[in-house]
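Topology and contacts: notes
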Amino acid sequence: MSTADPIRSDIRHMKAYAVTDVPAGFLKLDAMESPYDYPEDMRKALGEHLAQVPIRLYPNPSTCGLLQVLRDTYQIPAEAEVVLGNGSDELIERLTMLVSKPGAKVLAPAPSFVMYRVNAEFFGLEFVGVPLREDFTMDLDAMLSAVQTHQPALVFIAYPNNPTGGRFAREKVEAIIAAAPGIVVVDEAYGAFSSDSFLGDAGKIPNLVVLRTLSKIGFAGLRIGYASGTPELIGELKKIIPPYNMNQLSLAAAEFALQYPQFINENISKLKGERERMRTALHAYPAVRDFASEANFLTLRVPDAKALFDRLYAHKILIKNLHGTHPLLDQCVRITIGTPEQNQQVLSVVAELYGKAE
Ligand SMILES: *Cc1c(COP(=O)(O)O)cnc(C)c1O
């Protein structure tokens, strides 16, 4: 090759997002997937449903039946326009592209979902991360002053937040939406496990976009995310989403899934119950600090995050070691809530490491 490298030099220097390779027989508690599979009869019914799907035809994501099913199931306001994404990841990317003028900035609390920063970098935008407080609550004064200083074109707020689990106070998020000069994306990937939502405001506030996904409620493999906002704003977003971004099988499987809300809702309540049971159980270990969570995971601070990670790994349980990813996440780990039996396995390893609970 000649001296001119055709690849963008910033991309040359990036590292690819490493999806963890999970050895056979491991319990995967690292990525907030649901532990609940369909029972046999539902698998059969899904198979029969998918067999009818016309895969020789292109999908039409903007008129497909799933949109109406989502509206009905989640009571999306009639004023709102909805667009589907290949996972909410794709919508995060396209929302960033939408504002990618030279010099534009993207702002979010930190630590938060890494893809906000990664996508800002893809489009050559400056990313401003505003540190949370030590207890992972939002520092509203710092946020408002950063919004004032940087005039971000795009603000991302994960509500509840990943990787810390807590939900920011609603009034703080409202204050940011009111103060922001640009678009505010409230990312409700964990909305199903939360006690509050902005979905009911979608379409009613000009600069608000609410993101949701089916990934954390049992269907991570389908890659179905959706964005709701005013027809004006979502109309602009639709211009830059590929016309065939979704696939027929996923659309059909998602529509099937939402026909069985009792399966989804029972699993959500079980996981919420287990989340609280785990938190209470962990209070028996003074070495473990837990943080309030409204998601399907717990973030903990322990004396040695790597030691806990390694000990769980030795028991074939994979979690996420957050240590080193942000200064506020010193010695923190993130553990996805599983079935009661799986959570018990985690607790017994914690007991092994940090002494028997009284
Ligand atoms: C998991 C997650 C997503 C990604 O969801 P997909 O729909 O699977 O792409 C988006 N935002 C946050 C905060 C998440 O934790």
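Residues numbered from 1 in each chain as written. Predicted model: local features only at pLDDT ≥ 70, side-chain atom pairs only at ≥ 80, totals over all residues. Heavy atoms only, no water.

Here's the deal with the nonpolar core
- Counting 91 residues, the largest nonpolar core has L66 and L84 as its most contacted members.
- Here L84 is in contact with P61, C64, L66, L67, L70, L91, G225, Y226, I241, N245, M246 and L251, once residues within four sequence places are set aside.
- Counting residues in hydrophobic clusters, the runner-up holds 23 residues, among them V99, L154, V185 and I241. (Core = buried A, V, L, I, M, F, W, Y, C linked by side-chain atoms within 4.5 Å. Buried < 20%, exposed > 50% of the residue type's maximum accessible area, 1.4 Å probe, protein only. Contact = heavy atoms within 4.5 Å.)

Regarding the sheet that holds strand β5 (residues 154–158)
- Ordered by their spatial adjacency, seven strands build an open sheet running β2-β8-β7-β6-β5-β3-β4, and the pairing between neighbours is mixed. Looking along the sheet, the strands with just one partner apiece sit at the ends: β2 (81–86) and β4 (126–131). Neighbour-to-neighbour, the strand axes of the sheet open up by a mean angle of 20°, direction not taken into account.
- Across six bridges, β2 lies against strand β8 (residues 224–229) in antiparallel orientation. (Pairing = 2+ DSSP bridges. Helix = DSSP H or I, 4+ residues; strand = E, 2+ residues; numbered from the N terminus. Axes fitted to C-alpha atoms, helices over the stretch in contact; angles between N-to-C directions.)

Describing the environment of T149
- Relative to the helices and strands, T149 resides in helix α6 (residues 140–150).
- Within polar-contact distance, the side chain of T149 engages the backbone oxygen of S145 at 2.8 Å. (Polar contact = N/O pair within 3.5 Å; in protein donor to acceptor, adjacent residues only side chain to side chain.)

Re the packing of aromatic side chains
- Counted by the stated rule, this structure contains 13 aromatic pairs.
- On the basis of an interplanar angle of 75° and a centroid distance of 5.6 Å, the ring pair of F113 and Y116 is categorised as edge-to-face.
- For F113, a relative accessible area of 21% puts it in the partly exposed group.
- Assessed through its relative accessible area of 0%, Y116 is described here as buried.
- Summarising the aromatic geometry, the rings of F309 and Y313 are spaced 5.9 Å apart at their centres and angled 20° between planes, so their arrangement reads as stacked. Here the residue F309 and the residue Y313 both occupy positions in helix α11 (residues 305–314), the gap between them amounting to four residues, near one helical turn. (Phe/Tyr/Trp six-rings, centres within 6.5 Å; stacked < 30°, edge-to-face > 60°.)

Considering the site of the ligand
- As a matter of local geometry, the ligand sits amid 13 residues, with D187, Y190, T213, S215 and K216 nearest to it.
- A distance of 3.0 Å separates an oxygen atom of the ligand from a polar atom in the backbone of D89.
- A distance of 2.8 Å is found between an oxygen atom of the ligand and a side-chain nitrogen or oxygen belonging to N162.
- Protein contact buries 94% of the 390 Å² of open area that the ligand shows by itself. (Near = heavy atom within 4 Å. Areas by Shrake-Rupley, 256 points an atom, 1.4 Å probe, with all protein chains shown as cover.)

Comments concerning the packing of helix α4 (residues 88–98) against helix α5 (residues 114–122)
- Contact geometry for α4 and α5: axes closest at 9 Å, N-to-C directions at 40°. When the interaxial angle is binned, α4 and α5 end up oblique. The two elements α4 and α5 cross, and the hand of that crossing is right-handed. Across the interface between the two elements, D89, I92, E93 and T96 of α4 pack against M115, Y116, N119 and A120 of α5.
- Across the contact of α4 with α5, the residue classes break down as four nonpolar, two polar and two charged. (Parallel < 35°, antiparallel > 145°, perpendicular 65-115°, else oblique. Left-handed = near helix turned anticlockwise from the far one by under 90°. Nonpolar A, V, L, I, M, F, W, Y, C, P; charged D, E, K, R; others polar.)

Some thoughts on α6
- Along α6, the residues that are buried comprise L140, M143, A146 and V147. Considered in projection along α6, the buried side chains sweep an arc of 130° and stay on one side of the axis. Away from its buried face, by an angle of more than 90 degrees, α6 presents the exposed residues D141, Q148 and T149.
- Against the buried residues of α6 lie β3 (105–110), β4 and α7 (170–179).
- One or two positions beyond α6, positive phi appears at Q151, with a value near 45°. (Arc of directions from axis to C-beta.)

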